[in-house]
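Fold and contact review
Spelled out from the first residue to the last, the chains are:
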Number of protein chains: 2
Amino acid sequence: MKLYWRKEKVYHWVKQCLATTGKGPFMQNPKIRNMEEFAKASGISRPTVSKYFQDPMSVRRSTRERIETALRTYDYQPNIYAMNQNRRRTNSIGIIVPNLADPFFTEIGRVVELACIDAGYSPIVRSSHGKPAQETANLEALKALKPAGILLAPFGRASDRDHVRAFAETVPMVLFDADIEEAGAAFVGTDNVQSIGLMTDYLCRTGEPPCLFEMRTPLNPNANKRRLAYLAGMERHGHEPRIVHAEGSGWSIEEFGLREGRRLLEDGAFPSRTILCSNDRLAIGLLSAAFGLGIKVGHGSDCELRIAGHDDHPFSRFTCPSLTTIAQDYGAIAELAVQQIAQVIETESMPCEREISLFDGKLVMRESA
Amino acid sequence: MKLYWRKEKVYHWVKQCLATTGKGPFMQNPKIRNMEEFAKASGISRPTVSKYFQDPMSVRRSTRERIETALRTYDYQPNIYAMNQNRRRTNSIGIIVPNLADPFFTEIGRVVELACIDAGYSPIVRSSHGKPAQETANLEALKALKPAGILLAPFGRASDRDHVRAFAETVPMVLFDADIEEAGAAFVGTDNVQSIGLMTDYLCRTGEPPCLFEMRTPLNPNANKRRLAYLAGMERHGHEPRIVHAEGSGWSIEEFGLREGRRLLEDGAFPSRTILCSNDRLAIGLLSAAFGLGIKVGHGSDCELRIAGHDDHPFSRFTCPSLTTIAQDYGAIAELAVQQIAQVIETESMPCEREISLFDGKLVMRESA
DNA sequence: ACGAAAACTTTGCGCGCGGAAATAATATTT
DNA sequence: AAATATTATTTCCGCGCGCAAAGTTTTCGT
């Protein structure tokens, strides 16, 4: 691997440091070192300034304006470490998702993060990088930051469930996306029974009843719920349910969908020409396999195969053909999860009953089914 | 939107809290409140314990073992806020990427994060969510955390360049992926001249010389370098360069590739049947457009169009057909970026000269070209 | 076994803020 | 205008740790 080194202009860090002391590029006024000095400069007592920074609306309007005027002049911000050391509780909420490399979790993580900010908290997002052990490590690392609460999207089956349950006794916690029974104050997610039921209905009404394509050993507990929902849906329509498994373990879901899909298609092993995939990533791989084998996928009369997914993956709009799928209501899930953790934090008490809230998924009809 | 509420078992937060005081689920020993108490419990003086936590190898082996034995018994961890308040510098490195929703940045962000951990720092990853203003906000927010250094993948053209430059005078900073001239101590990235040159060579040798498909107003400065590299490459081969622009602004790159690609394909507006896309996301959209129009893409003799990308997007393996592209050396970039920021941090001085390090891209031959 | 070097202990200050209590000033009500 | 309620000030302590200096013990080399 070739490596180029180019040199540019010369300048010195230490010099710059000295030069910016006192009069830096950001301010034209004498440096404020702490709240004491800022209070003096703004003509307000330190405890009142402290009060302002905890909640600007807790001080009188005239006081607030004087502080904010000084703030514009002096560019002071309280030392976050001193604050967090002394406050009853920090203002931060930990957000843990199984794998930020999965666009589904990137998206829901982002929405949850924004919901936290809207609610006045400081979100700290951590990815478990696909490794259940990292989930435990993330919880422990977060403990050191003494967050006011934790929003956890757990692996589920692969999580250290007892650790999560015990941890939830220590810090307010709300689960989302995937549930662990009796862990934390609440769970918020999508109603897989409804969403898969909806998709099953749609597929049964518009053509051959679907078979289900899923991982043999799914990491996610939602996969199990989806299977049950598929079975129920097929029974409701009086059709024989048929399940096809993809082998493989890990997070290369598309890879498994491609490899196993190709094998199964070549062998004619799919018992139906309509395939409902347990999630979009699997469907993306399967679409790729079908394309490679020259199999025309779609809902048209000239098509040999129908493929549907679940989750409305960011790329499902650009697959070939575009993927018919179920869209989860990220926004509603995030908002309610934050609302519930906020309630636990602010009342300093768990709700009397652990609440499970499930939102409906929406059918997104595209080309593939 | 329907919403289900289910109720589960009843238990009380406050009770649990009281119950875990003293003897919780995590420890069987009396609670340690601070380093003083832990020092007493381990039979070592507090300053030595403090020294241990700053660098375990800085104390004698026997001392280390006594502390670690106590550590296993008492489950103590130093207050991170008190530490960060009093240490000369924190142990954290801020990592800012333009958009974690873009799998390219998710991936490089993850690799940089891991490289930081390997180097003994605590990474803090922030996404600018596709908004240049958020980049500035992230820098300011990070300032409050007093990081030892910052690794910034800037927007580039859209960044507040002067703010970044001024900021880099305040905190050690190394740029990666995209450069801003004379900002920070160093830049590490991919050599677009080499990588696009490589791709241009490949395409010219194996068929019709490519035209370039790019955004009219690219957010990323790398796009400009790639255009220049394309022009140089075509000139080298004695071919007339031809550039086709996609309209649109924002981060829905695939969407623009699909929409504009469809329009251009329908109009027969591409001046070559080989199309080099400025990046994979654009290529993904264009592939989708070609598929929709029934245009066969690939390097085979029966194909009407060849399409190539750049970046080896996680999904480029699963497009239809799979995408021929350039893979960047994430690992090398991340490692060197961390190494350089570590040097600035540890020597407390900028290198005499701003270093620009560029790694080669690798050609990934797949089906599309 | 001796001296020097290294590691540890003791002591004490300081960081920048939160929080509490008593007091003083200002707003609002009647 | 006086009485009350609200808000701000003054004063003080505490949080949990880093850091430094001086003194003591342990380790290591010869």
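Remember, it's a predicted structure, so these values are computed and weren't measured experimentally.

Rules used throughout
The numbering scheme is per chain: residues are counted from 1 as the chain's sequence reads. Here the convention is simple: chains get letters from A, ligands get numbers from 1, in the order in which they are written. Given that this is a predicted model, residues contribute local features only at a pLDDT of at least 70 and side-chain atom pairs are listed and counted only at 80 or more, while totals for whole chains, interfaces and linings are drawn from all residues. Hydrogen atoms and water are omitted, and side-chain values are computed over all heavy atoms in the structure. The cutoff for a nearby residue is simple: one of its non-hydrogen atoms must lie within 4 Å of the molecule or strand. The term polar contact refers here to a pair of N or O atoms within 3.5 Å; inside protein, the definition further demands a hydrogen-donor-capable atom paired with an acceptor-capable atom, and it admits residues adjacent in sequence only when both atoms are side-chain atoms. Numbered from the N terminus, helices here are DSSP runs of H or I no shorter than four residues, and strands are runs of E no shorter than two. Nonpolar residues are Ala, Val, Leu, Ile, Met, Phe, Trp, Tyr, Cys and Pro. Charged residues are Asp, Glu, Lys and Arg, and all others, Gly as well, are polar. A simple rule labels every residue: compare its accessible area, found with a 1.4 Å probe on the protein chains alone, to the largest value its type can have, and call it buried under 20%, exposed over 50%, or partly exposed in between. Working definition: the arc comes from the directions between the helix axis and the C-beta atoms, pointing outward to the latter. Whether two strands pair depends on DSSP finding at least two bridges between them. A 1.4 Å probe that fits into a set of points on a 1 Å grid over the protein atoms alone but cannot get out defines a cavity; an open set with protein on both sides within 12 Å along at least five of seven lines defines a pocket, and lining residues are those with an atom within 4 Å of a point. Grid points are joined across faces, edges and corners, and a volume is the space filled by probe spheres set on the points. Note on definitions: angles span 0 to 180 degrees between N-to-C directions of axes, and those axes are lines fitted to C-alpha atoms, for helices only across the stretch in contact. Contacts between residues were defined by any pair of non-hydrogen atoms, one from each residue, lying within 4.5 Å. The split of the chain into domains comes from an automatic or database domain assignment. The buried area of a pairing is the accessible area, by a 1.4 Å probe, that goes missing from both parts when the two are put together, added over both. When a carboxyl oxygen of Asp or Glu lies within 4 Å of a side-chain nitrogen of Lys or Arg, that pair is called a salt bridge. UniProt positions are given in the numbering used here, feature names are shortened, and annotations may be inferred rather than shown by experiment. Working definition: rings of Phe, Tyr and Trp (its six-membered ring) pair if their centres are within 6.5 Å, and the pair is stacked with planes under 30 degrees apart, edge-to-face with planes over 60 apart, and tilted otherwise. Counting as a charge over the ring demands two things of the Lys NZ or Arg CZ atom: a distance within 6 Å of the ring centre and an angle within 35 degrees of the ring normal.

Details of the protein's contact with DNA strand D
Near DNA strand D you find 25 residues, and of these A:T63, A:N86, B:M35, B:S50 and B:Y76 are the closest. In the interface set of DNA strand D, defined as its atoms within 4 Å of the protein, sugar plus phosphate atoms amount to 71%. Interatomic distance of 2.5 Å between a side-chain N/O atom of A:S45 and a phosphate oxygen of DNA strand D. One nitrogen or oxygen atom from the side chain of B:Q54 is found 3.2 Å from a phosphate oxygen belonging to DNA strand D. Counting residues per element, the ones that place at least two in the surface near DNA strand D are α3 (46-54) and α5 (80-86) of chain A together with α3 (46-54) and α5 (80-86) of chain B. Residues of the surface near DNA strand D, tallied by class, amount to eight nonpolar, 11 polar and six charged.

Side note on α3(A)
For α3(A), every residue scored as buried is listed here: A:V49, A:S50 and A:Y52. Down the axis of α3(A), the buried set is contained in an arc of 155 degrees. They therefore lie on one face.

Considering the pairing of strand β2 (residues 92-97) of chain A
All names here are of chain A. In terms of residue burial, β2 counts as a mostly covered element, since six of its six residues are buried. With six bridges joining them, β2 and strand β3 (residues 122-127) adopt parallel strand pairing. When the bridges of β3 are listed, I93 appears paired with P123. Here β2 runs beside strand β4 (residues 149-152); their pairing, made up of four bridges, is parallel. Within β4, the residue paired with I95 across the bridge is L151.

Description of empty space enclosed by the protein
In total, this model carries one cavity of 30 Å³ or more according to the counting rule given. Approximately 130 Å³ is the volume attributed to the largest cavity. Around the largest cavity, the lining comprises 14 residues; the ones closest to its centre are A:F318, A:T319, A:C320, B:F318 and B:T319. If you list the elements that add at least two residues to the lining of the largest cavity, you get α12 (280-292) of chain A together with α12 (280-292) of chain B. Grouping the constituent residues of the lining of the largest cavity by class yields 10 nonpolar, four polar and no charged.

Thoughts on the sheet that holds strand β9 (residues 274-277) of chain B
Residue and element names in this part refer to chain B. Ordered by their spatial adjacency, four strands build an open sheet running β8-β7-β9-β10, and the pairing between neighbours is parallel. Two strands close off the open sheet at either side, each with one partner strand: β8 (243-246) and β10 (306-308). Here the average twist between neighbouring strands, direction ignored, is 25 degrees. Against the sheet, helix α9 (residues 192-206) engages β9 and β10, with an angle of about 170 degrees to β9.

Some thoughts on the protein's contact with DNA strand C
Taken together, 25 residues lie near DNA strand C, and A:M35, A:S50, A:Y76, B:T63 and B:N86 sit nearest. Each atom of DNA strand C within 4 Å of the protein was classed as base or backbone; sugar and phosphate made up 70%. B:Q85 is positioned with one of its side-chain polar atoms (N or O) 3.0 Å from a sugar or linking oxygen of DNA strand C. At the level of secondary structure, the elements contributing two or more residues to the surface near DNA strand C comprise α3 and α5 of chain A together with α3 and α5 of chain B. Residue composition of the surface near DNA strand C, by class: eight nonpolar, 12 polar and five charged.

As for the domain arrangement of chain A
Residues and elements named next belong to chain A. Under the domain assignment, chain A is made up of domain 1 (2-84), domain 2 (92-190 + 331-359) and domain 3 (192-327). Each side of the interface is counted separately: domain 2 has 15 residues, and domain 3 has 14 residues. Of the roughly 1,200 Å² buried between domain 2 and domain 3 on both sides combined, carbon and sulfur atoms contribute 55%. Its largest share of buried area at the contact with domain 3, domain 2 owes to P103, R157 and T190, together 36% of the area lost on that side. If you look at where domain 2 meets domain 3, you find one salt bridge. A salt bridge links R281 to D102; the nearest nitrogen and oxygen atoms lie 2.8 Å apart. At the boundary of domain 2 with domain 3, the tally comes to five residue pairs in polar contact (both at pLDDT 80 or more). Tallying contributions element by element places helix α6 (residues 103-118) first for the side of domain 2 that touches domain 3, with three residues.

Overview of the sheet that holds strand β7 (residues 211-215) of chain A
Within a sheet, each strand pairs with its neighbour through backbone hydrogen bonds, oriented either parallel or antiparallel. Residues and elements named next belong to chain A. The sheet built from four strands is open, its strands ordered β8-β7-β9-β10 with parallel pairing. The open sheet has two free edges, formed respectively by β8 (243-246) and β10 (306-308), since each of these has just one partner strand. Within the sheet, the average angular offset between the axes of one strand and its neighbour, ignoring direction, is 25 degrees. Of the strand pairs in this sheet, β7 and β8 are connected by four bridges, and their pairing is parallel. Pairing of E214 across the sheet is with H245, part of β8. Here helix α9 (residues 192-206) sits on the sheet and contacts β9 (274-277) and β10; the angle it forms with β9, its principal contact strand, is near 170 degrees.

Structural notes on the UniProt feature "domain: HTH lacI-type" (unreviewed entry) in chain A
In this numbering, the UniProt entry assigns the feature "domain: HTH lacI-type" (unreviewed entry) to residues 33-87 of chain A. The distance separating the terminal C-alpha atoms of residues 33-87 of chain A is 20 Å; by composition the span is 69% helix and 0% strand.

Points about the environment of B:I96
All names here are of chain B. Tracing the sequence through the fold places I96 in strand β2 (residues 92-97). Residue class for I96 comes out buried when judged on its relative accessible area of 0%. For I96 and L152, which are 56 residues apart along the polypeptide, the C-alpha to C-alpha distance reads 4.9 Å. In this view, I96 contacts R126, S128, N138, L139, L142, L151, L152, A153 and F176; residues no more than four positions away in its chain are not counted.

Describing the pairing of strand β6 (residues 186-190) of chain B
All names here are of chain B. Burial analysis of β6 places five of its five residues in the buried class, which makes it a mostly covered element. When strand β5 (residues 173-176) meets β6, the two strands line up parallel, connected through three bridges. Bridge assignment links L175 to a residue of β6, and that residue is F187. Of the strand pairs in this sheet, β6 and strand β12 (residues 353-359) are connected by five bridges, and their pairing is parallel. For G189, the partnering residue across the bridge sits in β12 and is L358.

Things to note about unusual backbone geometry
For the bond running from A:C320 to A:P321, omega is -5 degrees, close enough to zero to count as cis. Mapped onto the secondary structure, A:P321 falls in the loop between β10 and β11 (325-327). Despite not being glycine, B:D75 shows a phi value in the positive range, around 55 degrees. Examined against the element boundaries, B:D75 turns out to sit in the loop between α4 (61-74) and α5.

Examining the packing of aromatic side chains
All names here are of chain A. Evaluated as defined, the whole model comprises 22 aromatic pairs over all chains. Look at F213 and F270: their rings are 5.3 Å apart centre to centre, the planes differ by 80 degrees, and that puts the pair in the edge-to-face class. Of this pair, F213 sits in strand β7 while F270 sits in the loop between α11 (253-266) and β9, placing them 57 residues apart in sequence. A relative accessible area of 12% means that F270 is categorised as buried. Taking the ring centre of F318 as reference, the NZ or CZ of R317 above it sits at 5.6 Å.

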